[in-house]
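This is what each chain is made of:
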Amino acid sequence: NPVLISEISGVNNNILVYPNPASYEVTIDFRKTTDNDYLLQLFDIDGKIVFNKTIKSNITIHLIDMKQYSTGIYLLNISDNDKEIMQSFRISKIN
């Protein structure tokens, strides 16, 4: 179940999403802590939120289990406290 990931937009070079490809999970690496929490939202191709979680500012690594999702294209938005999108990634789930 490899997952292909490509960055769509964002200016925050302190966020990495890997590995590419991934078999079962996607790692979000914030590379440093901040004063602000992050909001992770994963959308399916129809725009439905399939994953929605706030990550505390002291967390630097977070994993998303991709095994439960169907083959397809997903959009991962990473937002700050003000709901401003900091970075977006396209994730392609392949079985």
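Preceding block: the structure.
Notes on the structure in this doc start here. All figures in this text were calculated on a predicted structure; none of them were measured in a lab. In this numbering scheme, every chain counts its residues from 1 along its sequence in written order. Two thresholds apply to this predicted model, a pLDDT of at least 70 for residue-level local features and 80 or more for giving and counting side-chain atom pairs, whereas whole-chain, interface and lining totals are computed over all residues. Side-chain metrics in this entry use all non-hydrogen atoms of the structure; hydrogen atoms and water are not considered.

Quick word on the packing of aromatic side chains
Stacked, edge-to-face and tilted are the three classes for Phe, Tyr and Trp ring pairs, Trp counted by its six-membered ring, which pair at centre distances within 6.5 Å; planes under 30 degrees apart are stacked, over 60 edge-to-face, the rest tilted. Under the defined criterion, the tally for this structure stands at 2 aromatic pairs. For the ring pair Phe-30 and Tyr-38, a centre distance of 4.1 Å and an interplane angle of 10° mean the geometry is stacked. With respect to burial, Phe-30 and Tyr-38 carry one shared label: buried. With a centroid separation of 5.6 Å and an interplanar angle of 50°, the aromatic rings of Tyr-69 and Tyr-74 are classed as tilted. With a relative accessible area of 10%, Tyr-69 lands in the buried category. Buried, partly exposed and exposed residues are distinguished by accessible area as a fraction of the type maximum, computed with a 1.4 Å probe on protein chains only: under 20%, between the cut-offs, and over 50%, respectively.

Looking at the environment of Asp-29
Checked against the element boundaries, Asp-29 lands in strand S3 (residues 25–29). Every residue in contact with Asp-29, bar those within four places of it in the chain, is listed here: Asn-14, Ile-15, Leu-16, Tyr-18, Thr-60 and Ile-61. Contacts described as polar in this section are N or O atom pairs within 3.5 Å, which, within protein, must combine one atom able to donate a hydrogen with one able to accept it, while residues neighboring in sequence count only if both atoms come from side chains. Within the structure, the side chain of Asp-29 is placed 2.7 Å from the backbone nitrogen of Arg-31, a separation counted as a polar contact. Strands are runs of DSSP state E lasting at least 2 residues, helices are runs of H or I lasting at least 4, and numbering of each runs from the N terminus. Residue contacts follow a heavy-atom distance rule, with two residues in contact if any of their heavy atoms lie within 4.5 Å.

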